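# Breakdown of the fold
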Amino acid sequence: GAVTRSLDLGGGVTLTLAHVPAGAFVAADGRAVEINKPFWMSVDEITNEQFARFDAAHDSFMERGEYMQFTPQERGYPLNTPTQPVCRVSFEAAEAFCRFASQMSASRVRLPVGDEWEWAARAGTATPLFYGEVNADFSKFANLADAVFRKMDRMRANMPGAAIPAWRPAVTNCSDGFRVSSPVGSFAPNAWGLYDVHGNVWEWTSDRLPDGRVLARGGSWWKRPQYATFAARVPYAPWQRVYDVGFRIVLEE
């Protein structure tokens, strides 16, 4: 079962972390990996409310809809509600949040190394996703590209229904209920109590490519399961603020 602790960010905002034991596993790229020290990892992706304790001016903004009209509903879908994961946050800003959280906790807080992220996300499983195979029904476990994501909105009765055909790649026989990012913790956790390790938003790790770009893991609401497995990685410049990339943190014992 999950063993947790809390980190106080001030202002009545806290952050829950789960204990991740030491151990060994075979990574998605075939390497034998050993995690020598246990650590704590945030059970959720960092939320807008939590990130605002560090940067109150940050705005995760919105995902534009099909018809850029005038009412809030027509303009798109908010990504900046308090319980949604923070996004459009650069790797550099995520690291700065970790320094802030280190001061609040009097412990070292940082982004996970890629192997730590995979070990914690797997929680003892050996399948491509913690809940099973790529073709498994993900509706209870992850916010990925599903039937809701593919559906085209029609805001008014006089809008032509086929003005824009459905085009977003999605798994149409699954429905997780969300068009964009969901409030954190909306789906079942893995065996170590971590939520949204697949989908919702990509998560920064501290792994870098030789050209300096940083790797994010886990997929987002925009991705189908085959692009959100433990093997999936996307590289971005450390200063880039990407619409579907957020992060979670590690606290060292």
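Calculation criteria
Residues numbered from 1 in each chain as written. Predicted model: local features only at pLDDT ≥ 70, side-chain atom pairs only at ≥ 80, totals over all residues. Heavy atoms only, no water. Helix = DSSP H or I, 4+ residues; strand = E, 2+ residues; numbered from the N terminus. Buried < 20%, exposed > 50% of the residue type's maximum accessible area, 1.4 Å probe, protein only. Contact = heavy atoms within 4.5 Å. Areas by Shrake-Rupley, 256 points an atom, 1.4 Å probe, with all protein chains shown as cover. Lys, Arg positive; Asp, Glu negative; His and termini not counted. Charge placed at Lys NZ, Arg CZ, Asp CG, Glu CD. Core = buried A, V, L, I, M, F, W, Y, C linked by side-chain atoms within 4.5 Å. Disulfide = S-S within 2.5 Å. Pairing = 2+ DSSP bridges. Axes fitted to C-alpha atoms, helices over the stretch in contact; angles between N-to-C directions. Salt bridge = Lys/Arg side-chain N within 4 Å of Asp/Glu carboxyl O.

### Examining the overall build of the protein chain
- In terms of regular secondary structure, the protein chain is built from 5 helices and 13 strands.
- The buried share among the 253 residues of the protein chain stands at 51%.
- A separation threshold of at least 6 residues defines the contact pool for the protein chain, and within that pool the share at least 24 residues apart is 69%.
- Just so you have it, the protein chain exposes about 11200 Å², and 53% of that area is on carbon and sulfur atoms.
- The averaged location of the 28 negative side-chain charges in the protein chain is 5 Å from the averaged location of its 26 positive side-chain charges.

### Section: the nonpolar core
- In this structure, Leu9, Leu15, Ile46, Phe97, Trp204, Phe247 and Ile249 are the most contacted members of the largest nonpolar core, which totals 30 residues.
- Here the element with the most residues in this core is helix 3 (residues 91-105); it accounts for 6 residues.
- Counting 28 residues, the second-largest nonpolar core is a separate cluster that includes Ala18, Ala120, Ala121 and Val171.

### Some thoughts on the state of the cysteines
- Following the criterion strictly, the structure yields 0 disulfides and no others.
- Of all cysteine sulfurs in the structure, the one in Cys98 sits closest to Cys87, which takes part in no disulfide; the separation is 17 Å.
- Residue Cys98 is classed as buried on the basis of its relative accessible area of 3%.

### Points about unusual backbone geometry
- Even without being a glycine, Arg88 presents a positive backbone phi close to 50°.
- With respect to the element layout, Arg88 can be found in the loop between strand 7 (76-78) and helix 3.

### Thoughts on the environment of Ser107
- Within the secondary structure, Ser107 is located in the loop between helix 3 and strand 8 (109-110).
- Using a relative accessible area of 23% as the deciding quantity, one classes Ser107 as partly exposed.
- Once the C-alpha coordinates of Ser107 and Trp239 are considered, the two residues, 132 residues apart in sequence, prove to be 26 Å apart.
- The residues contacting Ser107, other than those within four sequence positions of it, are Ser102, Leu251 and Glu252.

### Observations concerning the sheet that holds strand 5 (residues 39-42)
- Taken together, the 5 strands give an open sheet; going across it, the order is 1-2-5-13-8, and neighbouring strands pair in antiparallel fashion. Looking at the sheet topology across the chains shown, the edges are occupied by strand 1 (4-10) and strand 8.
- Sheet topology places strand 1 next to strand 2 (residues 13-20); 6 bridges connect them, and they run antiparallel. Note on strand 2: the bridge partner recorded for Thr4 is Ala18.
- Set on the sheet, helix 3 makes contact with strand 1, strand 2, strand 8 and strand 13 (250-252); between it and strand 1 the angle comes to about 100°.
- The strands that helix 4 (residues 114-122) touches are strand 2, strand 5, strand 8 and strand 13; relative to strand 5, the one it contacts most, it runs at about 75°.

### As for the pattern of salt bridges
- A full pass over the atoms with the stated rule returns 9 salt bridges.
- Note that Arg31 is salt-bridged to Asp29, the shortest N-O span being 2.8 Å.
- Assessed through its relative accessible area of 35%, Arg31 is described here as partly exposed.
- The partner of Arg108 in a salt bridge is Glu252, with the nearest N and O atoms 2.9 Å apart.

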